[in-house]
Amino acid sequence: FLVCFFFQEMEKLIACVHKRPDALCRLICFPWAGGGTLQLAQWGKLFSDSIEVFCIRFPGRETRLKEPFAKDMTSMVNEVTSVLLKELKKKPFAFFGHCFGSQLSFAVALHLKEKYGLEPVHLFISGANAPHSEGFLAIKSSPISDAKDEEILAYLKILGGAPPELLHNEDIRKQMVLTFREDIRVLQTFSFEKAEVDIPFSCDITCFNGSDDKVSDVQAWQELTSGDTCFYELPGGHFYLLEPSNESFLTKHITRCIENAGL
C-alpha cells in the first residue's frame, strides 16, 4: 500500500516525459507563477542520457486542477520535500527554477540543507531577484495578488508569458489569471533573512536572465553560496527561455555544469 501511495504522490507532483533510471544526476525544474509543466518537462528530451529531468507540478493546475491551490511557501516546500526526499538521497540532483520557481527551488534547497544536510550539486536560477534583496522585497509588498483580473492580464501580456491564442478563450483566460494570482500570493508568504544564517550553500549558482527583463539585485545571489556564481544574460524579455536558441544554450550550459560537478 505504501509503495502504491508513494507512486501516486510522485505521479501527481512530478512530470517526467523522458525516464532515465540510469542517469547520473537529476535536474529538478520548478516552473514560473501561473505556469505548468509543459515547457520544462520537455527538456528531458534535450539532455544526454546522464541527466533525467523532473518537473514539479504545482496544485491547482493540469492533472491537479481539482486540488486547492497552495496557501503558502512552507506547504509547497513540505510537499516537494516529502515526496522527493527518498529520490534525492539516492543520487545527485540539481535545481532549475524560473521566476517564482527560482524562489521555490531556493526554499526547498534551504529546507533540505537545514533539515537533512542535502544540497544540490548546482543551483540554476532564472529571471529572479535574490530572496533577501530589495527587488524581492518590492515584489512581496506589491498589491498584484489583489489586482483586478484585467490588470493581471495586462501584466501577463507585458511579461509575454501568455500565448495570445490562449487568451481568446475566456475560460482559459480566467484560469490563467486565477493561477497566477494564487502563485503570487504564495510567493509573498516567503521570507528569507540573510542576517539570520551563515552562507547557506556551498554549491555553485548560475543565474540566467533576459537582456530586456527588469531583474534588479541579481548579483546578490552570490552572497548565498561559498561556491562560484556565474551570470548570463540572454536576448529577450522575461520569458527569454522559451526561445529555441536560448533553450539550447541553457540545456547545453546546464549539462556542462552538471558534468563538471565531478559526480
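Structure: above.
Below: a short report on this structure. (Residues numbered from 1 in each chain as written. Predicted model: local features only at pLDDT ≥ 70, side-chain atom pairs only at ≥ 80, totals over all residues. Heavy atoms only, no water.)

Some remarks on the sheet that holds strand β1 (residues 14–15)
The strands that make up a sheet are held in pairs by hydrogen bonds between backbone atoms, and each pair lies either parallel or antiparallel. Basically, it comes down to this: One bridge is not enough; two strands pair if DSSP finds at least two bridges between them. We count a stretch as a helix when DSSP gives it H or I for four or more residues in a row; a strand needs E for two or more, and each element gets its number in order from the N terminus. By the convention used here, residues are in contact when the closest approach between their heavy atoms is within 4.5 Å. The axes used here are C-alpha line fits, helices contributing only the stretch in contact, and every angle between their N-to-C directions lies in the interval 0 to 180 degrees.
Ordered in space as β1-β3-β2-β4-β5-β6-β7, the seven strands form an open sheet in which the pairing is mixed. Looking at strand neighbours, the two that pair on one side only are β1 and β7 (229–234), the edges of this open sheet. Inspection of the sheet shows strand β2 (residues 25–30) paired to strand β4 (residues 93–98) by five bridges, in the parallel sense. Residue pairing in the sheet places Ile28 in a bridge with Phe95 of β4. Here helix α9 (residues 244–259) sits on the sheet in contact with β2, β3 (51–56), β4, β5 (122–126), β6 (204–210) and β7, set at roughly 175° to β6.

Side note on the pairing of β5
The following threshold applies: For each residue, the accessible area found with a 1.4 Å probe, counting protein chains only, is set against the maximum for its type, and the residue is called buried under 20%, exposed over 50%, and partly exposed in between. Classification remark: right-handed applies to a crossover when, strands pointing away from the viewer, the course from the first strand over the helix to the second runs clockwise.
In terms of residue burial, β5 counts as a mostly covered element, since five of its five residues are buried. Taken together, β4, helix α4 (residues 100–116) and β5 form a β-α-β motif whose crossover is right-handed. The sheet contact formed by β5 and β6 spans five bridges and is parallel. Each bridged residue has a counterpart across the sheet, and for His122 the counterpart in β6 is Asp204.

Quick word on the packing of helix α6 (residues 149–159) against helix α8 (residues 170–187)
Note the following rule: Here the angle decides the label: under 35 degrees means roughly parallel, over 145 means roughly antiparallel, 65 to 115 means roughly perpendicular, and every other value means oblique.
The interhelical angle for the contact between α6 and α8, taken along N-to-C directions, is 85°, at an axis separation of 10 Å. Considering the angle they form, α6 stands roughly perpendicular to α8. Every residue of α8 that contacts α6 at Asp149, Ile152, Leu153, Tyr155 and Leu156 is listed here: Arg173, Val177, Phe180 and Arg181.

Brief notes about the environment of Cys203
Mapped onto the secondary structure, Cys203 falls in the loop between α8 and β6. Since its relative accessible area comes to 6%, Cys203 is described here as buried. Measuring from C-alpha to C-alpha, the distance between Cys203 and Thr229 comes to 9.1 Å, with 26 residues separating the pair along the chain. If sequence neighbours within four positions are ignored, Cys203 has contacts with Glu119, Pro120, Val121, His122, Leu123, Thr225 and Gly227.

Concerning empty space enclosed by the protein
Threshold: Lining residues are those with an atom within 4 Å of a point, where the points come from a 1 Å grid over the protein atoms alone and group into cavities, where a 1.4 Å probe fits but cannot get out, or pockets, open sets with protein on both sides within 12 Å along at least five of seven lines. Grid points are joined across faces, edges and corners, and a volume is the space filled by probe spheres set on the points. Amino acids are sorted into nonpolar (Ala, Val, Leu, Ile, Met, Phe, Trp, Tyr, Cys and Pro), charged (Asp, Glu, Lys and Arg) and polar (every other residue, Gly among them).
Tallied over the entire structure, the rule returns one cavity of 30 Å³ or more. In terms of lining residues, the largest cavity is bounded by Phe58, Pro59, Arg61, Phe69, Ala70, Met76, Glu182, Asp183 and Val186. With three residues, the single largest contributor to the lining of the largest cavity is α8. Its residues assigned to classes, the lining of the largest cavity shows six nonpolar, no polar and three charged.

As for the layout of surface pockets
As a volume, the largest pocket reaches approximately 1200 Å³. Split by residue class, the lining of the largest pocket holds 24 nonpolar, 16 polar and five charged. What the second largest pocket holds in volume is close to 280 Å³. Lining the second largest pocket are 12 residues; nearest its centre among them are Met10, Glu11, Cys16, Lys19 and Phe54. Those elements that provide at least two residues to the lining of the second largest pocket are α1 (2–13) and β3. No other element matches the four residues that α1 contributes to the lining of the second largest pocket. Tallied by class, residues from the lining of the second largest pocket come to seven nonpolar, no polar and five charged.

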